[in-house]
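# Observations on the three-dimensional arrangement
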Amino acid sequence: MSMGNMEQKPSTIKSMFDSIAPSYDFLNRFLSLRRDVYWRKKLVASLAHNGSPPSSLLDVACGTCDVSIEAIRQYGPGLQVWGADFSWPMLKAGKNKISTGPGLSAINLVAADALLLPFHEEMFDTITIAFGIRNIADKPAALENFKRHLKSGGILAVLELTTPKKGLPKKIYLAYFKRILPVIGWIFSKNLAAYQYLPDSVLEFPTPEKFAEMMEHAGFARVTWEPLTLGIATLFIGQKK
Ligand SMILES: C[S@@+](CC[C@H](N)C(=O)[O-])C[C@H]1O[C@@H](n2cnc3c(N)ncnc32)[C@H](O)[C@@H]1O
């Protein structure tokens, strides 16, 4: 699939994240006006299922480990956390943060593709993926794979950037996203294609209704989705049957 100048091929996506890793955290906070921090907090808070906290968490496409770190903050170092990502420079940036934070040694990092996870089946009670699934062309295969690695009754939480439905928020969002954000991204990361790919990949992401259906088809039950910040992001939760 082609998006603007950037193809959604795993090797192209990987090189793109390799190249923007040093400025990734700064640009995330800046371009989202720190909404990304709030969205991840919501994601992690949603993992306490029926009042019980998660005990084993796999954070797929963990990038610089913000979800993994937030999980330890909310649930304590007793939680076993694994972060997996195919970009070494993103993992390295995450490793630097982990090595300086208290209690964060409970986080284990693995370089792996989301479609080829090097873990036993049914190993985790919780899997998260934040801002990662839209980069994976074969979403049904990824969802099937996550289900295989979840215990029965386990929780999958997907946080993704989405497009506000209509009206003024959509117009303002599109103007910012397509015209202003690529320029700011280019200034700080020197990678224009990456910050042109970002809006294109979000606009290509299925509607929340369609993505929730995909989760159901992959075998998740009780699928819910919650728009965050006028639908700029959406949090999807499903439970393995
Ligand atoms: C937008 S970043 C999100 C990082 C992190 N989850 C966060 O909340 O900031 C997307 C991440 O997905 C990773 N990624 C994309 N496709 C992947 C794949 N097929 N397998 C593993 N990681 C992938 C990239 O390397 C990148 O670190």
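In case you missed it, the structure is sitting above this.
Attention in this report is confined to the structure presented alongside it. Predicted model only: the values in this text are computed from it and were never measured. (Residues numbered from 1 in each chain as written. Predicted model: local features only at pLDDT ≥ 70, side-chain atom pairs only at ≥ 80, totals over all residues. Heavy atoms only, no water.)

### Focus: the environment of A221
Basically, it comes down to this: Only runs of H or I of at least four residues qualify as helices and only runs of E of at least two qualify as strands under DSSP, and these elements are numbered from the N terminus. Residue exposure (1.4 Å probe, protein chains only): buried if accessible area is under 20% of the type maximum, exposed if over 50%, otherwise partly exposed. In what follows, residue pairs with any heavy atoms lying within 4.5 Å of each other are defined as contacts.
Among the structural elements, A221 can be located in strand 8 (residues 220-228). The exposure class assigned to A221 is buried, which follows from its relative accessible area of 19%. Between the alpha carbons of A221 and L143 there is a distance of 13 Å; along the sequence they are 78 residues apart. Dropping the residues within four chain positions of it, A221 is found in contact with G238, Q239 and K241.

### So, the pairing of strand 3 (residues 56-60)
This is how the line gets drawn: Strands are treated as partners if at least two bridges between them are detected by DSSP. A right-handed crossover is one whose linking path, passing over the helix from the first strand to the second, runs clockwise when the strands point away from the viewer.
Most of strand 3 sits out of view: 5 of its 5 residues are buried. With burial as the criterion, each face of strand 3 is covered, one bearing S56, L58 and V60 and the other bearing L57 and D59. Two strands pair when backbone bridges link them, and strand 3 and strand 4 (residues 80-85) are joined in this way by 5 bridges, in the parallel orientation. Paired with L57 across the bridge in strand 4 is V81. Read from strand 3 through helix 3 (residues 66-75) to strand 4, the crossover connection turns out right-handed. Of the pairings in the sheet, the one linking strand 3 to strand 6 (residues 124-130) comprises 4 bridges and is parallel in character. Looking across to strand 6, one finds that V60 is bridged to I129.

### Some points on the nonpolar core
Which entries qualify depends on this criterion: Definition used in this section: a nonpolar core is a set of buried Ala, Val, Leu, Ile, Met, Phe, Trp, Tyr and Cys residues joined via side-chain atoms within 4.5 Å.
Counting residues in each nonpolar core, the largest one holds 46 residues, and the members touching the most others are F17, W39, L43, I107, L159, Y195 and L198. At 8 residues, helix 1 (residues 10-31) tops the list of elements feeding residues into this core. Those residues in contact with Y195, other than ones at most four positions away along the chain, are I20, L27, L31, L181, P182, G185 and S189. Core analysis: the next-biggest nonpolar cluster, separate from the first, contains 27 residues, F124, F146, L156 and F205 among them.

### A short note on the state of the cysteines
Definition in use: Disulfides are defined as pairs of cysteine sulfur atoms found within 2.5 Å of each other.
The final tally for this structure, using the stated rule, is 0 disulfides. Unpaired in terms of disulfides, C62 finds its nearest cysteine sulfur in C65, a separation of 4.4 Å. By relative accessible area, which is 7% here, C62 ends up buried. The exposure class assigned to C65 is buried, which follows from its relative accessible area of 0%.

### A short note on unusual backbone geometry
In this structure, L33 takes a positive phi of about 50° despite not being glycine. You can see L33 is positioned in the loop between helix 1 and helix 2 (35-45). The backbone of L230 sits at a positive phi, close to 60°, despite the residue not being glycine. Checked against the element boundaries, L230 lands in the loop between strand 8 and strand 9 (233-240).

### Comments concerning the site of the ligand
Short version of the rule: Whether a residue is near a molecule or strand depends on its heavy atoms: it is near if one of them lies within 4 Å of it. Pairing of N or O atoms within 3.5 Å defines a polar contact, subject to two protein rules: one partner must be a possible hydrogen donor and the other a possible acceptor, and residues neighboring in sequence count only if both atoms are side-chain atoms. Residue burial considers only the protein chains on display, and all accessible areas are found by Shrake-Rupley using a 1.4 Å probe. Basically, the charged four are Asp, Glu, Lys and Arg, the nonpolar ten are Ala, Val, Leu, Ile, Met, Phe, Trp, Tyr, Cys and Pro, and anything else, Gly included, counts as polar.
For the ligand, the set of nearby residues contains 19 residues, the closest of which are Y24, R40, A61, D85 and A114. A61 is positioned with one of its backbone polar atoms (N or O) 2.8 Å from a nitrogen atom of the ligand. The protein chains hide 97% of the 600 Å² of surface that the ligand would expose on its own. If you tally residues by element for the shell around the ligand, the top one is helix 1, at 4 residues. The residue inventory of the shell around the ligand, partitioned by class, reads 12 nonpolar, 4 polar and 3 charged.

### A closer look at the environment of P89
Following the sequence through the fold, P89 ends up in helix 4 (residues 88-100). We classify P89 as partly exposed; its relative accessible area is 30%. For the pair P89 and E226, spaced 137 residues apart in the sequence, the C-alpha separation amounts to 31 Å. Setting aside anything within four residues of it in sequence, one finds P89 in contact with D18 and A21.

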